Every structure is written in C-alpha cells, then in structure tokens.
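Breakdown of the fold
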Amino acid sequence: MATTETSGSGDITRSLELLWGDGERPTRGPKPALTLERIVTAAVRLADAEGIAAVSMRRLSQELGTGTMSLYRYLPGKAELLDLMLDHVQAPADDDVTVADGWRAGVEAHARETLARYQAHPWLLHVNQSRPVLGPSTVGSLEKILARIKPTGLSDPELISVLIMVEGYVSGVARTYAHTVEAEKSGLSEEAFWEKQGPLLERVMTSGRYPFVAGLSEEAFGPDFDHFEFGLQRILDGLDALVEQRRREAGQEAERD
C-alpha cells in the first residue's frame, strides 16, 4: 500500500486561502454554477469509491457534469484539491465524551474516531501527511483532543507525542484492515487461502520443530478477539501510569517547596 500523494505539495498559500474562506469565488468568467464545497465533496466521494489515484481534474469534471477548465476557476489543481479533501474529512465527529469524563475517555474516543475515519476513507492511507496544510477542520480536531488530554499535566511536546503514538497505532490497525479487504478482492477467500496451506502446515506443526507455534490454541487467530481494543487499552494503561507518576512527582516537588 504505497503512498501515492503528498499533502502540501501544491501552492500552500492558495490552499490556505481556500481552506479559510478567502478565495472561493472565481476571479474570472461567468457566474459560477459550482461551489468549492460541492467540488471537494465529489472528490472525496470518488476517492472513497475508487481510491485517491482515480481523482483527477478531468475525472472530477465528468462526475460533476462540467468542463474540466471550469474547475480551474476554483482551485489551481489536484495538489490543492487534496489539501481541501484532507481537511474535509478531518471534521471532528460528534460524541458524548466531555472533558469531565477524563483524559483517558478522551484519548479512547479520539482513537475510535480516527479508526472510523480511516475505514470510511481508506485512501487516507495512501497520502503522505507529514506536512499537513492546516485548515479549520484539522485545527478544530486538534483543539478538541488537546482540550481532553491537557489535564494529564504532561508537557506540550509530550501531549503531541501522545497524539503521534495514537495515530501510529490506529493507522497501523487501519492498514491491516485495509489489506485484508484488498486480499478478499483477489478472488481467493480467507478460508480457501488457509486451506491451500493446510497440508504443509499440518506436517510442519507436528514435526516438533516449532513447539510454541504448534501449541497455540485455535482461538489464537480467531475473529472473536478484538486486537484493536486490546492494544488501545494497553496504550492507555501505559499513559495512565505515566500521568500518575508525574502527579506523584509534582506532589513531592510541592512538599519540598
């Protein structure tokens, strides 16, 4: 699943103008029949259905029933369109979690929201977002999670590191899910895939060469165990221990003063 696109690779100034509402109206030509929101929504819908590689100005114009040149009245090209698409899907989801529920509930909700975003928009896994162009939805999402985890008492670099850690974990799980879906499309089902390996695996597992692998229960690779949930809770447990340690250290420091 190689990266095919990179955020921030176009005219960054123009992307920012479009993201923050400073440049939606065309500067030339007749009164527009389209809107920037409609263009971006159509592009996201196309990427969701066929992947980010399918999105081009020509293909998008066909989806919208307009001429390709009409799109260039709104934005310079696909690079800037990608910046808008990324911000579009970053809009914070509504949930019932509040700051009063505690930072752990906030991180957990953020992780689930992020996983849901990747599952709804798997093309995100093909985009290099190491240099994001910050739009209102992206900043709003960051504001939301920072408000929830600020009470941990961790330093600002550590707060950002928490977000990087959660993002890395969730994107890895999402990539595994996406790979599974892609494998199913090969025409060979999961059952058929393992059945083909069955005879050889049976001989290998009874050879005595791999006792720990052979000793795994039937449930080890079963579908009933929630690997995402298990990993997420261990991350939260680790953070919980760190937060508690920092609170003890702060208390000891206060006593010395």
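Placed above this text is the structure.
Residues numbered from 1 in each chain as written. Predicted model: local features only at pLDDT ≥ 70, side-chain atom pairs only at ≥ 80, totals over all residues. Heavy atoms only, no water.

Here the focus is helix H5 (residues 78–89). Taking 1.5 Å per residue as the helical rise, H5 with its 12 residues ought to reach 16 Å, and the 16 Å between its terminal C-alpha atoms agrees with that figure. Across the 12 residues that make up H5, a large majority, 9, are buried. Every buried residue of H5 is listed here: Glu-80, Leu-81, Leu-82, Asp-83, Leu-84, Met-85, Leu-86, Asp-87 and Val-89. (Helix = DSSP H or I, 4+ residues; strand = E, 2+ residues; numbered from the N terminus. Expected span 1.5 Å × (residues − 1). Buried < 20%, exposed > 50% of the residue type's maximum accessible area, 1.4 Å probe, protein only.)

Moving on to the pattern of salt bridges. With the rule as written, the count across this model stands at 17 salt bridges. For Arg-117, the salt bridge identified is with Glu-113, shortest N-O distance 3.2 Å. Of the two residues, Arg-117 and Glu-113 both sit in helix H6 (residues 103–120), 4 residues apart, roughly one turn of that helix. The salt bridge involving Glu-158 is made with Arg-246; its shortest N-O contact spans 2.7 Å. Here Arg-246 lies in helix H11 (residues 227–256) and Glu-158 lies in helix H8 (residues 156–184), a separation of 88 residues in the sequence. Glu-158 sits in the partly exposed class, given a relative accessible area of 21%. Among the ionic contacts, a cluster of salt bridges with common partners joins Asp-95, Glu-113, Arg-117, Lys-144 and Arg-148. (Salt bridge = Lys/Arg side-chain N within 4 Å of Asp/Glu carboxyl O.)

With that out of the way, let us pick up the nonpolar core. Ranked by internal contacts, the top residues of the largest apolar core, which has 53 residues, are Ile-39, Leu-81, Met-85 and Trp-123. Of all elements in the fold, only helix H1 (12–19), helix H2 (36–50), helix H3 (57–64), H5, H6, helix H7 (136–149), H8 and H11 reach the threshold of two or more residues within this core. Here this core takes 9 residues from H8, the largest share from any one element. If we ignore the near neighbours within four places in the chain, the residues touching Leu-81 are Ile-39, Val-40, Ala-43, Val-55, Met-57, Leu-60 and Leu-75. (Core = buried A, V, L, I, M, F, W, Y, C linked by side-chain atoms within 4.5 Å. Contact = heavy atoms within 4.5 Å.)

Function-wise, these values are silent; they only describe arrangement.
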